[in-house]
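# Secondary and tertiary structure notes
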Amino acid sequence: GAVVSQHPSWVICKSGTSVKIECRSLDFQATTMFWYRQFPKQSLMLMATSNEGSKATYEQGVEKDKFLINHASLTLSTLTVTSAHPEDSSFYVCSAQGPRDDGYTFGSGTRLTVV
Amino acid sequence: QKEVEQNSGPLSVPEGAIASLNCTYSDRGSQSFFWYRQYSGKSPELIMSIYSNGDKEDGRFTAQLNKASQYVSLLIRDSQPSDSATYLCAGAKAAGNKLTFGGGTRVLVKP
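Residues numbered from 1 in each chain as written. Chains lettered and ligands numbered in written order. Predicted model: local features only at pLDDT ≥ 70, side-chain atom pairs only at ≥ 80, totals over all residues. Heavy atoms only, no water.

### Quick look at the interface of chain B and chain A
Where we set the bar: Note on definitions: a residue-residue contact is assigned when non-hydrogen atoms from the two residues lie within 4.5 Å. Two parts placed together each lose some accessible area; with a 1.4 Å probe, that loss summed over both constitutes the buried area. Counted as salt bridges are all cases of a side-chain nitrogen of Lys or Arg within 4 Å of a carboxyl oxygen of Asp or Glu. Pairs of N or O atoms are called polar contacts if they sit within 3.5 Å, as long as, within protein, a hydrogen donor faces a hydrogen acceptor (for residues adjacent in sequence, only side-chain-to-side-chain pairs). Only runs of H or I of at least four residues qualify as helices and only runs of E of at least two qualify as strands under DSSP, and these elements are numbered from the N terminus. Here the nonpolar group is Ala, Val, Leu, Ile, Met, Phe, Trp, Tyr, Cys and Pro; Asp, Glu, Lys and Arg are the charged ones; every other residue, Gly included, is treated as polar.
Taken together, the contact between chain B and chain A spans 20 residues of the former and 21 residues of the latter. When chain B packs against chain A, close to 1,400 Å² is buried across both sides, 54% of that on carbon and sulfur atoms. At the boundary of chain B with chain A, the tally comes to one salt bridge. The salt bridge involving Glu59 of chain A is made with Lys98 of chain B; its shortest N-O contact spans 3.1 Å. If you look at where chain B meets chain A, you find seven residue pairs in polar contact (both at pLDDT 80 or more). Of all the secondary-structure elements, those providing two or more residues to the side of chain B that touches chain A are strand 4 (32–38) and strand 9 (85–92) of chain B. Along the lines of polarity and charge, the residues of the side of chain B that touches chain A split into eleven nonpolar, seven polar and two charged.

Take a look at the structure:
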């Protein structure tokens, strides 16, 4: 089946620094990837839709200058959390639709802790 | 009104019983629906997708879609302790479009 690889699995960073999260589609090309954030005991909230070769589409209330998304190739999308603060601590996960319309595959997620 | 709504639970079922989960959606433009299972601290994993009215069975799982009533359901037969997780219902307007998730239903299967 379709596999989406996400790295790192967890990261701890100091307040004010930036963190980059990578998502790769391993066995298929993903023209579109989706980035979600999940706070404890809450559901997944879509942050942005990442389109290969074009600007990402951000959901209302998500700061595009703080959460930089780059989708430079058909297999790689990155999310950079700039000037991270403790309130950005969350579980970030990406997803993409598999090649055979068999649903959306999720990466393993990244647990970000900002101290 | 949330676009996709689920009872948060927890839904407690004895081992071997049937767990019944429901989900309603408000956007009639939604065409594709998915059930995901999410263990604590892990990312969601796809259980079932359903696109047409009626039932779809896969092993111990059966999904049902009723577009007229705007609900989607999931039955888990012969529930096992390993089925204890949060189950997320999601909808999309078309293939490749963004998913909208419900809040999830926590299921506890007791031995």
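### Section: the sheet that holds strand 3 (residues 19–25) of chain A
Residue and element names in this part refer to chain A. Quick note on the threshold: Two strands form a pair only when DSSP identifies at least two bridges running between them. Structural elements are reduced to axes, namely lines fitted to C-alpha atoms, with helices fitted over the stretch in contact, and the angle between N-to-C directions of any two is expressed from 0 to 180 degrees.
Pairing within the open sheet is antiparallel, and its four strands lie in the order 1-3-8-7. Strands with a single pairing partner mark the edges of an open sheet, and in this sheet they are strand 1 (4–7) and strand 7 (67–73). With strand direction ignored, the average angle separating the axes of adjacent strands in the sheet is 15 degrees. The sheet contact formed by strand 1 and strand 3 spans four bridges and is antiparallel. Bridge pairing links Gln6 to Cys23 in strand 3.

### Concerning unusual backbone geometry
Filter applied, for reference: The buried label goes to any residue with under 20% of its type's maximum accessible area, the exposed label to any with over 50%, and the partly exposed label to all in between, with areas taken from a 1.4 Å probe on protein chains only.
A cis amide bond, omega -5 degrees, links His7 of chain A with the succeeding residue Pro8 of chain A. Checked against the element boundaries, Pro8 of chain A lands in the loop between strand 1 and strand 2 (10–13). Look at the link from Gly9 of chain B to Pro10 of chain B: it is a cis peptide, with omega at 10 degrees. Position of Pro10 of chain B among the secondary structure elements: in the loop between strand 1 (4–6) and strand 2 (11–14). For Gln70 of chain B, which is not glycine, the phi torsion reads 60 degrees and is therefore positive. Summarising the element assignment, Gln70 of chain B is placed in the loop between strand 7 (61–66) and strand 8 (71–76). Judged by its relative accessible area of 12%, Gln70 of chain B falls in the buried class.

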